[in-house]
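What follows is the residue order along each chain.
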2 protein chains.
Amino acid sequence: MKTVISRKSIRKFAERPVDSTLLNTLLDASARTQTMGNLQLYSVVITQDEKNKQKLSPLHFNQPMVVQAPVLLTVCADFNRTVKWAEYRKAHPGYDNFLSFMNAVSDALLYTQTFCNLAEAEGLGICYLGTTLYSSSQIIEILKLPRLVFPIATLAVGWPAENPNQTDRLPLSAIIHNEVYHDYTESTIDDLYNYKENLPENKRFIEINNKETLAQIFTDIRYSKNDNEMISGTLIEALKQQGFL
Amino acid sequence: MKTVISRKSIRKFAERPVDSTLLNTLLDASARTQTMGNLQLYSVVITQDEKNKQKLSPLHFNQPMVVQAPVLLTVCADFNRTVKWAEYRKAHPGYDNFLSFMNAVSDALLYTQTFCNLAEAEGLGICYLGTTLYSSSQIIEILKLPRLVFPIATLAVGWPAENPNQTDRLPLSAIIHNEVYHDYTESTIDDLYNYKENLPENKRFIEINNKETLAQIFTDIRYSKNDNEMISGTLIEALKQQGFL
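Conventions we followed
Residues numbered from 1 in each chain as written. Chains lettered and ligands numbered in written order. Predicted model: local features only at pLDDT ≥ 70, side-chain atom pairs only at ≥ 80, totals over all residues. Heavy atoms only, no water. Helix = DSSP H or I, 4+ residues; strand = E, 2+ residues; numbered from the N terminus. Buried < 20%, exposed > 50% of the residue type's maximum accessible area, 1.4 Å probe, protein only. Lys, Arg positive; Asp, Glu negative; His and termini not counted. Charge placed at Lys NZ, Arg CZ, Asp CG, Glu CD. pLDDT = per-residue confidence, 0-100. Pairing = 2+ DSSP bridges. Axes fitted to C-alpha atoms, helices over the stretch in contact; angles between N-to-C directions. Contact = heavy atoms within 4.5 Å. Parallel < 35°, antiparallel > 145°, perpendicular 65-115°, else oblique. Left-handed = near helix turned anticlockwise from the far one by under 90°. Nonpolar A, V, L, I, M, F, W, Y, C, P; charged D, E, K, R; others polar. Phe/Tyr/Trp six-rings, centres within 6.5 Å; stacked < 30°, edge-to-face > 60°. Lys NZ or Arg CZ within 6 Å of the ring centre and 35° of its normal. Buried area = accessible area lost by both parts, 1.4 Å probe. Salt bridge = Lys/Arg side-chain N within 4 Å of Asp/Glu carboxyl O. Polar contact = N/O pair within 3.5 Å; in protein donor to acceptor, adjacent residues only side chain to side chain.

Undergrad: Tell me about the overall build of chain A, and please be specific about residues and values.
TA: Broken down by element type, chain A carries 11 helices and 5 strands. Its C-alpha atoms give chain A principal-axis dimensions of about 60 × 45 × 35 Å. Looking at the 245 residues of chain A, the share that counts as buried comes to 61%. When the 24 positive and 27 negative side-chain charges of chain A are each reduced to one mean point, those points stand 8 Å apart.

Okay, here's the thing in structure tokens:
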């Protein structure tokens with residue numbers, strides 16, 4: 001629990017490589033995570049080659065850690081392996097549908113997070129790249145992902161070369177609901193977001209961006225309606241292309 | 001790492017309750033998990049009331065641990081709280097789309113898995129119920145989930161009253177790919193699935209079910225094409241109903 005409580009995302013990595021025995025131990029141990037019907041509906045593409053990191057970099061919006069991290073892991077929802085197995089065993093798979101996609105996404109993300117917890121407990125630093133879903137069709141092409149394989153999460157992994165401050169979190173009462181969901185009133189929202197909105201770095205952020213409120217930074221700049229709708233379209237197209245829709 | 005390597009899903013729980021301080025400590029610590037833009041796009045509905053467990057039980061196919069576990073957690077992808085915040089702060093959110101759903105799903109599942117890892121490290125037993133996506137619209141109704149909130153994962157949590165054998169996993173080489181995805185040939189599949197297919201319990205399982213191969217148990221009985229397609233339809237309907245499509 002100590003590692004989790006003190007954890008932070010790491011975006012600057014030392015030149016020190018990640019030993020392949022350690023990496024494989026972590027990847028293997030993470031597979032103890034629960035998985036649907038014990039099918040392990042995921043695969044991990046490991047990128048260590050400089051040229052391949054350079055190819056992936058623009059798809060992750062040229063965030064510098066993509067090239068700088070010694071290891072990139074692209075965790076994929078994978079029904080291809082299970083389907084191949086079934087086809088070689090006189091079985092008739094029916095996993096080219098949305099439920100199966102979501103089941104494989106679940107398996108992939110649960111696996112991803114156990115890997116993060118274990119790697120951080122070993123002192124490694126992780127940055128989870130939220131850009132994977134934004135550029136899915138190009139990532140599919142570069143990593144040569146076949147039908148029924150879909151990139152879900154990318155992790156930059158290495159030894160930390162920075163020690164950033166921990167970011168804030170909402171109070172527990174913001175995320176838990178007893179027995180049924182209790183919707184948020186204006187005054188609850190005020191209470192829950194008060195601390196976050198009054199952090200000096202957030203106030204400065206509002207000023208620099210010439211906005212009135214912190215929420216506008218998210219809705220107008222970081223995750224805008226236009227971008228979300230455009231990317232939703234390309235994401236759905238990529239799902240069709242990979243046979244899940 | 002020790003807890004993860006030796007972990008198993010638990011389906012029988014002692015009568016001993018889960019102390020609320022411990023539960024809250026785990027739920028709070030799990031929130032240190034990385035989250036998109038630090039928005040924490042998830043909520044957790046905690047079910048401890050007997051009557052509510054009884055209501056949820058059929059939606060989880062009457063698996064006995066739903067009623068027997070002292071605590072059920074339904075982890076939801078949640079953009080409602082963020083949207084409410086934005087609306088009270090003169091911001092114009094655009095999160096009623098598929099990308100936003102997937103981003104909230106990612107946040108919810110990463111949070112879920114850190115909770116599992118922390119809870120198991122404390123000696124608690126967990127069973128992850130894969131049935132949540134199957135019955136989403138009824139769960140939405142019972143837990144009173146508003147628009148832009150969607151149930152993703154359910155955990156039965158309690159003190160173990162059984163010590164089952166660990167289940168097998170595929171060898172690491174089945175799930176990792178160096179630099180690009182290397183598709184599986186028939187002989188690779190033979191190698192990777194040989195151990196699993198020759199386990200006495202799996203051989204017995206094939207016999208009892210009057211099937212030729214283990215894969216047929218999955219394709220014909222556990223996760224059939226018909227069921228998957230039917231549930232994909234209801235899942236997509238539920239996503240529309242909750243405003244994500």
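Having seen the structure, we can now continue with the description.
Undergrad: Which residues make up the confidence of the model for chain A, and what are the values?
TA: The predicted model of chain A averages 98 in pLDDT, with 100% of residues at 70 or higher. On the interface metric, ipTM, the complex scores 0.98, and its pTM is 0.98.

Undergrad: Account for the sheet that holds strand β3 (residues 125–129) of chain B, naming residues and giving values.
TA: As summarised here, the arrangement of the 5 strands in space is β5(A)-β1(B)-β2(B)-β4(B)-β3(B), forming an open sheet in which the pairing is mixed. The outermost strands of the open sheet, each flanked by one partner alone, are β5 (176–178) of chain A together with β3 of chain B. Each strand of the sheet is rotated relative to its neighbour by a mean of 25°, with strand direction disregarded. Of the strand pairs in this sheet, β3(B) and strand β4 (residues 149–158) of chain B are connected by 5 bridges, and their pairing is antiparallel. What sits directly across from Y128(B), in β4(B), is L155(B). Contacts from helix α2 (residues 20–30) of chain B reach β5 of chain A together with β1 (42–47) and β2 (71–78) of chain B, with the element oriented near 165° to β1(B).

Undergrad: Please give an account of the packing of helix α2 (residues 20–30) of chain A against helix α6 (residues 98–121) of chain A that cites residues and values.
TA: Residue and element names in this part refer to chain A. As a packed pair, α2 and α6 sit with axes 9 Å apart at the nearest point and diverge in direction by 135°. With respect to each other, α2 and α6 are oriented oblique. As for how α2 packs across α6, the hand of that crossing is right-handed. Two secondary-structure elements touch here, α2 through L23, L26, L27, A29 and S30 and α6 through Y111, T114, F115, L118 and A119. Split by residue class, the contact of α2 with α6 holds 8 nonpolar, 2 polar and no charged.

Undergrad: Help me get a handle on unusual backbone geometry, residues and values and all.
TA: Unusually for a residue other than glycine, E179(A) sits at a positive phi of about 70°. The phi dihedral of Q40(B) is positive, around 50°, even though this residue is not glycine. With respect to the helices, strands and loops of the structure, Q40(B) is situated in the loop between α2 and β1. Judged by its relative accessible area of 0%, Q40(B) falls in the buried class.

Undergrad: Outline the packing of aromatic side chains, listing residues and values.
TA: Applying the stated criterion across every chain, the model contains 21 aromatic pairs over all chains. Here the aromatic rings of F218(A) and Y223(A) are separated by 6.2 Å at their centres, their planes lie at 10°, and the arrangement is stacked. The class of F218(A) is buried, set by a relative accessible area of 8%. Through a chain of ring-to-ring contacts, three or more aromatic side chains come together here, namely F98(A), F101(A), F150(A), F244(A), F98(B), F101(B), F150(B) and F244(B). Directly above the ring of W159(A) sits R16(A), whose terminal nitrogen or CZ lies 3.8 Å from the centroid.

Undergrad: Just give me the short version of the interface of chain A and chain B, but keep the residues and values in it.
TA: Taken residue by residue, the interface counts 115 residues in chain A and 115 residues in chain B. Buried surface at the junction of chain A and chain B, summed over both partners, amounts to about 10600 Å²; 59% is from carbon and sulfur atoms. When the buried surface of chain A facing chain B is broken down by residue, R32(A), W85(A) and E179(A) rank first, second and third, together holding 9% of it. The interface formed by chain A and chain B contains 10 salt bridges. Residue D183(B) is joined to K84(A) by a salt bridge in which the shortest nitrogen-to-oxygen separation is 2.8 Å. Run the count over chain A and chain B and you get 79 residue pairs in polar contact (both at pLDDT 80 or more). Ranked by residues supplied to the side of chain A that touches chain B, first place goes to α6(A) with 17 residues.

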